[in-house]
Amino acid sequence: MCAMEAVAYIAREPPSDQPECASPSIAAFIRTWSDGLPQAERDGLILPLLPRLVGTHGSDVLERRRVVTVADWLVRTHLPAWFHLAKLNVEADELADLPELQAIADLATLCDHLKRARKRAAVANLTLRQTGSVVRAAAWDAAQQAAWVTIRDALEAAGPPILAAGWDAAYASAYAAARAYGKAPLEPTRRALQHSALALVERLIEARDPASDGSERSAVPAPAHHSAELRP
């Protein structure tokens, strides 16, 4: 069975890859992430998470906050990791030090910033077609695809400028990986981002509706510094 079917089995729900007990946003991430990993990585990264997905289904407010947390990871963790590998350290630090996204609409303030990042990574660079599948497989690997699937509907609903900002972030990562290709190995950064994605999912699992414990704190705990552990 697939990962989410296993969650349904654990929860004693009818067979389904969309169990009612699980957060839809986490389920979307896990389905895509699991499908894109080799068996050994799938067993090591995802299998231990499955029992913890039972009971994560939350309110619409919490689900929106989880989606924003994934978008924030793409902009302030995934993208800076590839920029650091490409020795675009100033740009990487600027991205990592951006304020944490509080809503998908916050991407509107980053449209020009992300467009500049994409153009900066593409300057004097081999094209993605020239570097081929190696770069695409690294920068657009299972974790990046899982994040994109999780936030895509929210980006589209927010309108063309927000969706374009998301694409700029995705292409900036790929251009930076292409810029580094042949000068530094891509695999260590990809592996570091897989483990960062694991920490991201753990944050999403631990998130709770503020009303559930009577407090007013943020539904998703604030992360530690995003980029330090991802630098090659």
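What this report covers is the structure whose coordinates are included nearby. As the structure is a computational prediction, the values presented were derived from the model and not from experiment.

Moving on: the overall build of the chain. The number of helices and strands found in the chain is 12 helices and 0 strands. Sequence-ordered secondary structure for the chain, helices as α and strands as β, is α-α-α-α-α-α-α-α-α-α-α-α. Going through the 232 residues of the chain one by one, you find that 51% of them count as buried.

In a soluble, globular protein the nonpolar side chains are often hidden away together inside. In this structure, F29, I30, W33, W82, F83 and L114 are the most contacted members of the largest nonpolar core, which totals 71 residues. Here this core gets 12 residues from one element, more than from any other, and that element is helix α5 (residues 60-85). Leaving out residues up to four positions away in the same chain, F29 has contacts with V70, A143, A146, A147, T150, A197, L200 and V201.

This part is about empty space enclosed by the protein. For the coordinates displayed, the defined rule picks out 1 cavity of 30 Å³ or more. Computed from the structure, the largest cavity encloses a volume of approximately 90 Å³. Along the walls of the largest cavity sit A71, L74, V75, H78, L107, Q144, W148, I151, G166, A169, A170 and S173, which together make up its complete lining. Elements with a contribution of two residues or more to the lining of the largest cavity: α5, α10 (142-158) and α11 (160-180).

Our next topic: the packing of aromatic side chains. For the structure on display, the rule yields 5 aromatic pairs. Both rings, one in W167 and one in Y171, keep their centres 6.0 Å apart while their planes meet at 40°; by these two values the pair is tilted. Of this pair, W167 and Y171 are both found in helix α11, 4 residues apart, which corresponds to roughly one turn of the helix. Accessibility expressed as a relative area gives 32% for Y171, which makes it partly exposed. Ring centres of Y171 and Y175 lie 6.1 Å apart, and the angle between their planes is 40°; this geometry places the pair in the tilted category. Taken as a pair, Y171 and Y175 lie in helix α11 at a separation of 4 residues, close to a single helical turn. Pairwise contacts between aromatic rings join W140, W148, W167, Y171 and Y175 into one cluster.

With that out of the way, let us pick up unusual backbone geometry. The backbone of R12 sits at a positive phi, close to 60°, despite the residue not being glycine. Along the chain, R12 falls in the loop between α1 (3-10) and α2 (24-35). The backbone of K87 sits at a positive phi, close to 65°, despite the residue not being glycine. With respect to the secondary-structure elements, K87 resides in the loop between α5 and α6 (89-96). When its relative accessible area of 65% is taken as the criterion, K87 is described as exposed.

Quick look at the pattern of salt bridges now. In the structure shown here, the tally under the stated rule is 12 salt bridges. As a salt-bridge pair, E202 and R52 come within 3.8 Å of each other at their nearest N and O atoms. Of this pair, E202 sits in helix α12 (residues 187-206) while R52 sits in helix α4 (residues 50-53), and the two are 150 residues apart along the sequence. E202 gets classed as partly exposed once you look at its relative accessible area, which sits at 28%. Between D168 and R118 there is a salt bridge; the shortest N-O distance is 2.6 Å. With D168 in helix α11 and R118 in helix α7 (residues 111-122), this pair connects stretches of sequence that are 50 residues apart. Among the residues examined, D168 registers a relative accessible area of 10% and is labelled buried.

Cut-offs applied
Each chain has its residues counted from 1, following the order in which its sequence is written. Local features in this predicted model are restricted to residues of pLDDT 70 or higher, and side-chain atom pairs are both shown and tallied only at a pLDDT of 80 or more, whereas totals for entire chains, interfaces and linings draw on every residue. To get the side-chain values, all heavy atoms of the structure are used, and hydrogens and water are removed first. Strands here mean DSSP runs of E at least two residues long; helices mean DSSP runs of H or I at least four residues long; both are numbered from the N terminus. Exposure classes here rest on a 1.4 Å probe applied to the protein chains alone. A residue is buried below 20% of its type maximum, exposed above 50%, and partly exposed in between. As used in this record, nonpolar core signifies buried Ala, Val, Leu, Ile, Met, Phe, Trp, Tyr and Cys residues forming a set joined through side-chain atoms within 4.5 Å. Contacts were defined at the residue level, with two residues in contact if any of their heavy atoms lie within 4.5 Å. With a 1 Å grid laid over protein atoms only, a set of points is called a cavity when a 1.4 Å probe fits there but cannot get out and a pocket when it is open yet has protein on both sides within 12 Å along at least five of seven lines; lining residues have an atom within 4 Å of a point. Grid points are joined across faces, edges and corners, and a volume is the space filled by probe spheres set on the points. Pairs were defined over the aromatic rings of Phe, Tyr and Trp, the Trp ring being its six-membered one, requiring ring centres within 6.5 Å. Orientation was assigned from the angle between planes: stacked under 30 degrees, edge-to-face over 60, tilted for the rest. By definition, a salt bridge exists where a carboxyl oxygen of Asp or Glu is found within 4 Å of a side-chain nitrogen of Lys or Arg.

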